[in-house]
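# Working through the structure, step by step
Listed below, chain by chain, are the residues.
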Amino acid sequence: MSERAAPHYCPYCGDEDLMPHEGDGESGSGYAWACLSCVRVFRVKFIGLRSAAFGGGSDGGRTATDGNA
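Here is a short report on the structure shown in this document. Just so we're clear, the structure is a prediction, and the values are computed from it rather than from any experiment. Along every chain, residues carry numbers that run from 1 in the direction the sequence is written. Where local features are concerned, this predicted model is filtered to residues with pLDDT of at least 70; where side-chain atom pairs are given and counted, the filter is 80 or more; whole-chain, interface and lining totals use all residues. Hydrogen atoms and water are omitted, and side-chain values are computed over all heavy atoms in the structure.

### Points about the overall build of the protein chain
The secondary structure listing takes helices from DSSP runs of H or I that are at least 4 residues long and strands from runs of E that are at least 2 residues long, numbered from the N terminus. Looking only at helices and strands, one finds 0 helices and 3 strands in the protein chain. The N-to-C order of helical and strand elements in the protein chain reads β-β-β. Remark: exposure states derive from per-residue accessible area (1.4 Å probe, protein chains only) relative to the maximum for the residue type, with buried under 20%, exposed over 50%, and partly exposed in between. In the protein chain, which comprises 69 residues, the share counted as buried stands at 10%. Only the protein chains shown count as covering a residue, and every accessible area follows the Shrake-Rupley method with a 1.4 Å probe. Accessible surface, the protein chain as shown: approximately 5700 Å² in total, 50% of it carbon and sulfur.

### Details of the nonpolar core
C10, L18, W33, C35 and F42 together form the largest nonpolar core, which totals 5 residues. Contacts are assigned to residue pairs that have any heavy atoms within 4.5 Å of one another. Ignoring sequence-local partners within four residues, the contact set of C35 consists of C10, C13, D15, D17, L18 and R40. For this analysis, a nonpolar core means a set of buried residues of the types Ala, Val, Leu, Ile, Met, Phe, Trp, Tyr and Cys, connected via side-chain atoms within 4.5 Å.

### What about the sheet that holds strand β1 (residues 18–20)?
Strands belonging to one sheet form pairs held by backbone hydrogen bonds; the direction of such a pair is parallel or antiparallel. In this description, strands pair whenever DSSP reports at least two bridges between them. What the 3 strands build is an open sheet, ordered β1-β2-β3; its pairing is antiparallel. Sheet topology places β1 and β3 (41–43) at the edges, where each strand pairs with a single neighbour. Averaged over all pairs of adjacent strands, the angle between strand axes in this sheet comes to 35°, irrespective of strand direction. Lines fitted to the C-alpha atoms define the axes, with helices restricted to the stretch that makes contact. Angles between their N-to-C directions range from 0 to 180 degrees.

Listed below in structure tokens is the structure:
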């Protein structure tokens, strides 16, 4: 797996004109990306997988607010 995975679009404006924001890489914080369209700098960080994604829940993936329970 690559240490730097590129986002496909800006989470603020949706534009695809992104470039790495160099000199701002903190260990464990993810890398910063600059959107050339809306002039924002943001980070994308992978936290982990939910345990429910592995079928650990017994409710079949439903929640009490589904209206289907």
